[in-house]
Every structure is written in C-alpha cells, then in structure tokens.
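Residues per chain are reported as follows:
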Amino acid sequence: SSGINAEWPLRPGRMSELDGDSDEAEMVERPGPSLAARPSLSATMGYHKLSINNRKCKIVKRDTFTKMKHEKAKEKKKRRKTAAEMREALGDAAPPKPVPHTTESLRAPDVTAVEEGDEEVAADAQNDEFAGYFDCQTTPKILITTNKKSSLKTRKLLDELVNMMPNSEYIKRGKVDMKQLVKESVDKEYTHVVVINEDMKKPNSVVVCHLPEGPTATFRLTSVKLKKQLKRHGNATRHRPEVILNNFKTRLGHSVGRMLGSLFHMDPEFKGRNVVTFHNQRDFIFLRRHRYIFKNSARVGLQELGPRLTLKLRRFQTGTFDTTGGEYEWYHNHKTMDVSRRTFFL
C-alpha cells in the first residue's frame, strides 16, 4: 500500500478475525518504525562508552579495560591533588585525612586487645619468659635445623637464617626425633630451637621452641623468597640487626611478638644499619630484612637483604614441643575461627 515505509521491510502484525463467525484469519501487515525514530543500541541496552560487557573480542576487551583503568587512576590522582591543595591552603584549620575503610580498620572488637600504656600488660612483660632478652641480660643461643630429610631449597633458606640471626648455628638433624632434640638442646644450653619443615621439597612450616620451659609456636610458612630471587638485593653483614615488632595488638599477639623478638640480641650494632621487621597484618606476619641509609633529613633509602618470609600462627603451646600431652594456649580451628574475615587474633 502507499502508506507503508519503503525503508523497512514489512513485519507481520497480530492475527485478526474477518468476522465473528468465520474461522479464517489473515496476517495484517503493519509498517515498521522509521530510521530516525529507532533508538540506538547503546541507549536501549544502557552500555557505557568504555564498558567491556559488550566487547566480544578479547583484544578489544583488554584495551578497553586498560583505558578504563587509566581514566580511574587519573580521576583519583586529581582528587588527591585537589585535597592536598585544599589542606595546604587551610593550614592548621584543614580537616583531618579520612581513614580508609580496609579489612584491618574494620576488624571486630576483641576483649583481649591491648591499649597503649596498659600497666597490666607492662607488668606481665617484665616477668615473662622473654624479659631477660629485652633487658639484655640473656644472650640468645639458637639451634636451627630441618626435618629428617631436607631438600636443597630448605638448606639454602637455613643458610640465610643463620646469617640473619646472630649467635645461631645449623646442625644436621639426622634421625633424632623432636623430643630428643629438645632435650639435647637444653643440655647444651641453647635458648631456642628453630625447625624448618617441608612438604614436596618446599619449606612449609616453622616450629620455634623456647628453652628450657617453653613456650612453643608453630607457624605456616609461605611466600619464601631467597636473597638471589630479590631484585637489586644487597649483601648482609654480620652486625647485630635492629628489630621492629609492628602491629601486634592482642595479648596473644604480644606473646608471639616477644617470642620472635627474643631470637635477636636487643643490643644492636647501629654501624651495620641492618633492621629486621616482623610486621603483623590480618594475622599474617611478614618478615623482612633491610639496610637503610639516610639520604637527607627527610628521606631514607632501603635495600632489601633477604630472605623474605610470611608466617601465620597455627598453634601456641605453653611448654616445650609435645603433641600428645602438651597444653595449648591457642590453636587454629578453621571451622570456628575462619567464619568472619574481620576477626583477627594477633
């Protein structure tokens, strides 16, 4: 017919009856919408100009995502610059910086959390097993060993640990079991026993036993990187390092932090400019070793010396190593303790 738009093909309409009594029906052809009135695909589907949902090609998808990432970074940089200029203009009257919402800042309340300046915690620290180390009255003497059959990678890690911890030595374990090893170490006046265990020829756990009466801590060991695997690493010296224990906020965390700190002499040799850091974040303890240099009054340069480790506490025993009759102060139960991601114990 003359009223039909020739730009679009005819489309079938609904079936309409010719009369009420007839069973015959015919298709009524209706004209389609004009090209000017037809909405665009992006308006219909609601796609953003840089959305990756409507990109089927992987290469185009990757390039689009990279552009979106760059745009987001530019906006964030612009906001930071504007906020910094505003704070500089206001001076002392500037509002405080907003605290970012992280998993660490949103942690669940803990009744064992330690506040700064707690007199009870300070009194306990003066009378615990590690008070002599922090008062420089006791010199640590450490025995480092492995499981009964150790691999080459584990022995290389032991070499770097012996280099990092002064007054420590590596002795091949042989066929001696753990209880006999603890007994012989007490007879030879060692203060600590450190055992590196492995699985599939990779170190996977660390047992730190304080002698002669405990406590004993068992850690899961992950993210092991030796010195040669670090970019632009330095060569360490035999100077006694400084020790930093950071972000241990609970009573259990204080005990674990003081135990790790007792592995080092608390009278560092500042001439070596070496520092060993145990940083706790979300119950993961990151072990790092650096050499620092003061470039000027405001800037400090760091060079990592290795090794690089990540520890996670699994068990904390009050006495020496005893898996059958030992008394545990804390142990990790994933069924009850891993329910909330905002609950931390250190």
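Quick caveat: nothing in here was measured; it's all calculated off a predicted structure.

**Things to note about the overall build of the protein**
Part 1 of the reasoning: A count of helical and extended segments in the protein gives eight helices and 13 strands.
Part 2 of the reasoning: Considering only intrachain contacts with a sequence separation of at least 6, the fraction spanning at least 24 residues in the protein is 62%.
Part 3 of the reasoning: Total accessible area on the protein is roughly 23400 Å²; 52% of this is exposed by carbon and sulfur atoms.

**Quick word on the pairing of strand β3 (residues 142-146)**
Part 1 of the reasoning: By the criterion of burial, β3 is predominantly enclosed, with five of the five residues buried.
Part 2 of the reasoning: Going residue by residue along β3, you find Ile142, Ile144 and Thr146 tucked away on one face and Leu143 and Thr145 tucked away on the opposite face as well.
Part 3 of the reasoning: Inspection of the sheet shows β3 paired to strand β4 (residues 168-170) by three bridges, in the parallel sense. Paired with Ile144 across the two strands is Tyr170, which belongs to β4.

**A closer look at the nonpolar core**
Part 1 of the reasoning: Grouped together as the largest cluster of nonpolar side chains are 37 residues, with contacts concentrated most on Leu161, Phe219, Val256, Ile285 and Leu313.
Part 2 of the reasoning: Counting residues per element, this core draws most heavily on helix α5 (residues 152-164), at five residues.
Part 3 of the reasoning: Setting aside chain neighbours within four positions, we find Val256 in contact with Phe219, Ile285, Leu313, Phe316 and Leu346.
Part 4 of the reasoning: Of all hydrophobic cores here, the second largest spans ten residues; its members include Leu143, Met178, Cys209 and Leu211.

**With respect to a negative patch on the surface**
Part 1 of the reasoning: The grouping of Glu115, Asp118, Glu119 and Glu120 at the surface amounts to a negative patch.
Part 2 of the reasoning: On the basis of relative accessible area, Asp118 is assigned to the partly exposed category, the value being 30%.

**Brief notes about the pattern of salt bridges**
Part 1 of the reasoning: The final tally for this structure, using the stated rule, is eight salt bridges.
Part 2 of the reasoning: Among the salt bridges present, the one from Asp124 reaches Arg251, with a minimum N-O distance of 2.5 Å. Remark: Arg251 occurs in helix α7 (residues 251-261) and Asp124 occurs in helix α3 (residues 119-127); sequence separation between them is 127 residues.
Part 3 of the reasoning: With a relative accessible area of 34%, Arg251 lands in the partly exposed category.
Part 4 of the reasoning: In this structure, Asp128 and Arg258 form a salt bridge, with 2.7 Å as the shortest nitrogen-oxygen distance. Residue Asp128 is located in the loop between α3 and α4 (131-134), and its partner Arg258 is located in helix α7; the two are separated by 130 residues in the primary sequence.

**A closer look at the packing of aromatic side chains**
Part 1 of the reasoning: As enumerated under the stated definition, the model contains three aromatic pairs in all.
Part 2 of the reasoning: Geometrically, the ring pair formed by Trp330 and Phe345 is tilted, given 5.7 Å between the ring centres and 50 degrees between the ring planes. Taken together, the residues span a long stretch of sequence, with Trp330 in strand β13 (residues 328-331) and Phe345 in the segment after α8 (334-337) at a distance of 15 residues.
Part 3 of the reasoning: We note Lys141 situated over the ring of Tyr190; from NZ or CZ to the ring centre the distance is 4.8 Å.
Part 4 of the reasoning: Between the NZ or CZ atom of Arg258 and the centre of the ring of Phe134, over which it lies, the distance is 4.4 Å.

**Some details on the confidence of the model for the protein**
Part 1 of the reasoning: Of the residues in the protein, 84% reach a pLDDT of 70 or more, and the chain-wide mean stands at 84.
Part 2 of the reasoning: Low pLDDT (under 50) marks residues 1-28, which in the prediction has 30 contacts with non-local residues, meaning those over four places away or in another chain.
Part 3 of the reasoning: Below a pLDDT of 50 lies the segment residues 41-48, which in the model reaches four contacts outside its immediate sequence neighbourhood of four places, other chains included.

**Description of a positive patch on the surface**
Part 1 of the reasoning: A contiguous patch of positive charge, built from Lys72, Lys76, Arg79 and Arg80, is present on the exposed surface.
Part 2 of the reasoning: Relative to the helices and strands, Arg79 is located in helix α2 (residues 58-90).

**So, the pairing of strand β12 (residues 308-317)**
Part 1 of the reasoning: Here β12 lies mainly inside the structure; eight of its ten residues are buried.
Part 2 of the reasoning: As defined by bridge partners, strand β7 (residues 216-225) adjoins β12 across eight bridges and the pair is classed as antiparallel. When the bridges of β12 are listed, Arg220 appears paired with Lys312.
Part 3 of the reasoning: Where strand β10 (residues 284-294) lies against β12, four bridges are found, and the strand directions are antiparallel.

**Here's the deal with the packing of α3 against α7**
Part 1 of the reasoning: Where α3 contacts α7, the axes come no closer than 12 Å and their chain directions differ by 30 degrees. Comparing their axes, α7 and α3 come out roughly parallel. Regarding α3 and α7, the two cross each other, and that crossing is right-handed. Contacts between α3 and α7 pair Glu120, Val121, Asp124 and Ala125 from the former with Arg251, His254 and Arg258 from the latter.

Conventions and cut-offs
- Along each chain, residues carry numbers from 1 onward, in the same order as the chain's sequence is written.
- Local features are withheld for residues below a pLDDT of 70 in this predicted model, meaning they are given only at 70 or higher, and side-chain atom pairs are given and counted only at 80 or more; totals for whole chains, interfaces and linings count all residues.
- Only hydrogens and water are removed before side-chain values are computed, so all heavy atoms of the structure are retained for them.
- Strands are runs of DSSP state E lasting at least 2 residues, helices are runs of H or I lasting at least 4, and numbering of each runs from the N terminus.
- Here, residues are in contact when the closest pair of their heavy atoms is within 4.5 Å.
- Each accessible area is a Shrake-Rupley estimate made with a 1.4 Å probe; only the visible protein chains count as cover when residues are assessed.
- Partly exposed residues are those whose accessible area sits between 20% and 50% of the maximum for their type, while under 20% is buried and over 50% is exposed, using a 1.4 Å probe and protein chains only.
- Should DSSP find at least two bridges between two strands, the strands are taken to pair.
- The nonpolar core is taken to be a set of buried Ala, Val, Leu, Ile, Met, Phe, Trp, Tyr and Cys residues, with the residues joined through side-chain atoms within 4.5 Å.
- Nonpolar side chains (Val, Leu, Ile, Met, Phe, Trp, Tyr) within 5 Å and like charges within 9 Å form the patches, drawn only from residues with over 30% relative accessible area and no salt bridge.
- Whenever a carboxyl oxygen of Asp or Glu lies within 4 Å of a side-chain nitrogen of Lys or Arg, that contact is scored as a salt bridge.
- For the charge count, each Lys or Arg is scored as positive and each Asp or Glu as negative, with His and the chain ends excluded.
- Note that the charge is assigned to NZ on lysines, CZ on arginines, CG on aspartates and CD on glutamates.
- In this scheme Phe, Tyr and Trp rings, the latter by its six-membered ring, pair at centre separations within 6.5 Å, and the angle between planes marks the pair as stacked below 30 degrees, edge-to-face above 60, and tilted otherwise.
- Cation placement over rings: the criterion is NZ of Lys or CZ of Arg within 6 Å of the ring centroid and within 35° of the ring normal.
- Scored from 0 to 100, pLDDT reflects the predictor's confidence in each residue.
- To obtain an axis, a line is fitted to C-alpha atoms, over the contacting stretch when the element is a helix, and the angle between two such axes runs from 0 to 180 degrees between their N-to-C directions.
- Convention used here: angles under 35 degrees read as roughly parallel, angles over 145 as roughly antiparallel, angles from 65 to 115 as roughly perpendicular, and any remaining angle as oblique.
- Handedness of a crossing follows from how the near helix is turned relative to the far one, being left-handed for an anticlockwise turn of less than a right angle and right-handed for a clockwise one.

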